[in-house]
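Commentary on secondary and tertiary structure
Here's the letter readout for the chains.
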Amino acid sequence: PGRRAFSTASSDDGNGLPGTEHGGRRLAIVFTCTVCDTRSAKKFSEHAYRHGVVVVRCPGCGNDHLIADNLGFFEDDWTLEDMLRARGDSVETLDDDNLAEGVDAELLKRLVEG
């Protein structure tokens, strides 16, 4: 039988275990599941989005959705944002600058409600 390794090190012990680092900029996505039409929001780190893999699970049906794959696990250097733009869909992004300037109420409503 195969052996499994695991660590019980806490994330704040300075070991820098991948996936356990805290801090850094957080991103969020508001999306509608293409399987069950459930609207939801998920948060993830910018580092994972730009350099790793992000998969989010729909709270309605449990389907997993690939958001970014910069490691080639599922696709070669792929992000949902790039795919949507390539197919001609609009991508609305909000960041601290957008929020500081004030977000258009209709845009925010469309993002949240779908």
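As a reminder, the structure under discussion sits directly above these lines.
Quick notes on the rules
Residues numbered from 1 in each chain as written. Predicted model: local features only at pLDDT ≥ 70, side-chain atom pairs only at ≥ 80, totals over all residues. Heavy atoms only, no water. Patch = residues over 30% accessible without salt bridge, like charges linked within 9 Å, V, L, I, M, F, W, Y side chains within 5 Å. Areas by Shrake-Rupley, 256 points an atom, 1.4 Å probe, with all protein chains shown as cover. Salt bridge = Lys/Arg side-chain N within 4 Å of Asp/Glu carboxyl O. Lys, Arg positive; Asp, Glu negative; His and termini not counted. Charge placed at Lys NZ, Arg CZ, Asp CG, Glu CD. Helix = DSSP H or I, 4+ residues; strand = E, 2+ residues; numbered from the N terminus. Pairing = 2+ DSSP bridges. Disulfide = S-S within 2.5 Å. Buried < 20%, exposed > 50% of the residue type's maximum accessible area, 1.4 Å probe, protein only.

A surface patch of negative charge is lined by Glu75, Asp76, Asp77 and Asp82. When you line up the elements, aspartate 76 lands in the loop between β4 (64-69) and β5 (78-79).

This brings us to the pairing of β4. Alignment of strand β3 (residues 53-57) against β4, held across five bridges, turns out to be antiparallel. Looking across to β4, one finds that valine 56 is bridged to histidine 65. Pairing geometry for β4 and β5, over two bridges, is antiparallel. Paired with aspartate 69 across the two strands is tryptophan 78, which belongs to β5.

Another point: the state of the cysteines. According to the stated counting rule, one finds zero disulfides in the structure shown. Distance from the sulfur of cysteine 36, which forms no disulfide, to the nearest cysteine sulfur (cysteine 58) is 3.6 Å. Overall, cysteine 36 belongs to the partly exposed group, its relative accessible area being 30%. Residue classification places cysteine 58 among the buried residues on the basis of a relative accessible area of 2%.

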